[in-house]
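Examining the three-dimensional arrangement
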Amino acid sequence: IIHNGIDLSKFDNVLPILRKELGLDSDIPVIGMVARLVPEKGYEYAINAFYQVLKVYSSARLVIVGDGPLKRHLKNICVKLGIKDKIFFLGYRRQVENIVADFDVFILPSISEGLGLALLEAMALRKPVVASEVGGIPEVVKNNINGLLVPPGNDRYLADRIIEVLSNNVMSKAMGIEAQKTVSERFSSQNMIKKTAEIYAQILGNTKDLDAMGLHN
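Below is a short write-up of the structure. (Residues numbered from 1 in each chain as written. Predicted model: local features only at pLDDT ≥ 70, side-chain atom pairs only at ≥ 80, totals over all residues. Heavy atoms only, no water.)

So, on to the overall build of the chain. Scanning the chain for helices and strands turns up ten helices and six strands. Within the chain, the proportion of its 217 residues that are buried is 49%. Taking as baseline every contact in the chain between residues at least 6 positions apart, the subset at least 24 positions apart corresponds to 70%. About 11,100 Å² of surface is accessible on the chain, with carbon and sulfur atoms providing 49% of the total. (Helix = DSSP H or I, 4+ residues; strand = E, 2+ residues; numbered from the N terminus. Buried < 20%, exposed > 50% of the residue type's maximum accessible area, 1.4 Å probe, protein only. Contact = heavy atoms within 4.5 Å. Areas by Shrake-Rupley, 256 points an atom, 1.4 Å probe, with all protein chains shown as cover.)

The next subject is the sheet that holds strand 5 (residues 129–132). To summarise the sheet geometry, strands pair through backbone hydrogen bonds and adopt either a parallel or an antiparallel arrangement. One open sheet holds the six strands; their spatial order is 3-2-1-4-5-6, and the pairing between them is parallel. The strands lining the two open edges of the sheet, one partner per strand, are strand 3 (87–91) and strand 6 (148–150). Each strand axis lies, on average, 20 degrees off the axis of its neighbour in the sheet, ignoring direction. Docked against the sheet, helix 2 (residues 43–53) engages strand 1 (30–34), strand 2 (61–65), strand 3 and strand 4 (105–108), running at close to 165 degrees with respect to strand 2. Where helix 5 (residues 117–124) meets the sheet, it contacts strand 1, strand 4 and strand 5, and its direction lies at approximately 165 degrees from that of strand 4. (Pairing = 2+ DSSP bridges. Axes fitted to C-alpha atoms, helices over the stretch in contact; angles between N-to-C directions.)

Turning our attention to the packing of helix 5 against helix 8 (residues 169–186). For the pair helix 5 and helix 8, the least separation of the axes is 7 Å and the interaxial angle reads 120 degrees. Classified by the interaxial angle, the pair formed by helix 5 and helix 8 is oblique. Read as a crossing pair, helix 5 and helix 8 show a hand that is left-handed. Listed contacts from helix 8 to Leu120, Met123 and Ala124 of helix 5 are Gly176, Ala179, Gln180, Thr182 and Val183. Its residues assigned to classes, the contact of helix 5 with helix 8 shows five nonpolar, three polar and no charged. (Parallel < 35°, antiparallel > 145°, perpendicular 65-115°, else oblique. Left-handed = near helix turned anticlockwise from the far one by under 90°. Nonpolar A, V, L, I, M, F, W, Y, C, P; charged D, E, K, R; others polar.)

Moving on, we get to unusual backbone geometry. Although it is not a glycine, Asn13 sits at a positive phi angle of roughly 55 degrees. Mapping Asn13 onto the fold places it in the segment before helix 1 (18–22). We classify Asn13 as exposed; its relative accessible area is 80%. For Asn144, which is not glycine, the phi torsion reads 70 degrees and is therefore positive. Structurally, Asn144 is set in the loop between helix 6 (137–140) and strand 6.

Here it is, written out as structure tokens:
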């Protein structure tokens, strides 16, 4: 298996823009999610969990980055719960790293998921993550080490883990550091290129090309 890799260079010297754009003070907890607005991403569970988080952190905000067919439905849920003023739908954005840089916790409560590049990008920015234990996510997120895993479709458990991250700054920072380390060591684009080249070389029975490219150990 060759995992997707991301270009780590774009995470150097990222300038956060979200709090300034939304007028949010630094002490306001920001929970964020970046994904298409489709059923498999578990947005309903995210909103319902956020409703429970507000009982503990009343000033918290949920930021949703992405677009898709569920947008109107999700906004209606926010209205019914009476929390529409605390949730921001930012739509599709090209440079999400400048937004994610202001998140206090990144969530991905998917019902089904391959790997999730947005997850890798958040981890590269040292963000503590809370994600569903489905698909390829457990290959990246190791529970209580570089993030927290939750059962899919369980908004109560999701809320508890978000509150845990917001309540423990030491744990939050430690997981963020481990998250960045995980992405740097295993999920960089350079690592993906190297592993792909190694497979080609194995098939061809020749490692000389790898040596020429500086990819062979």
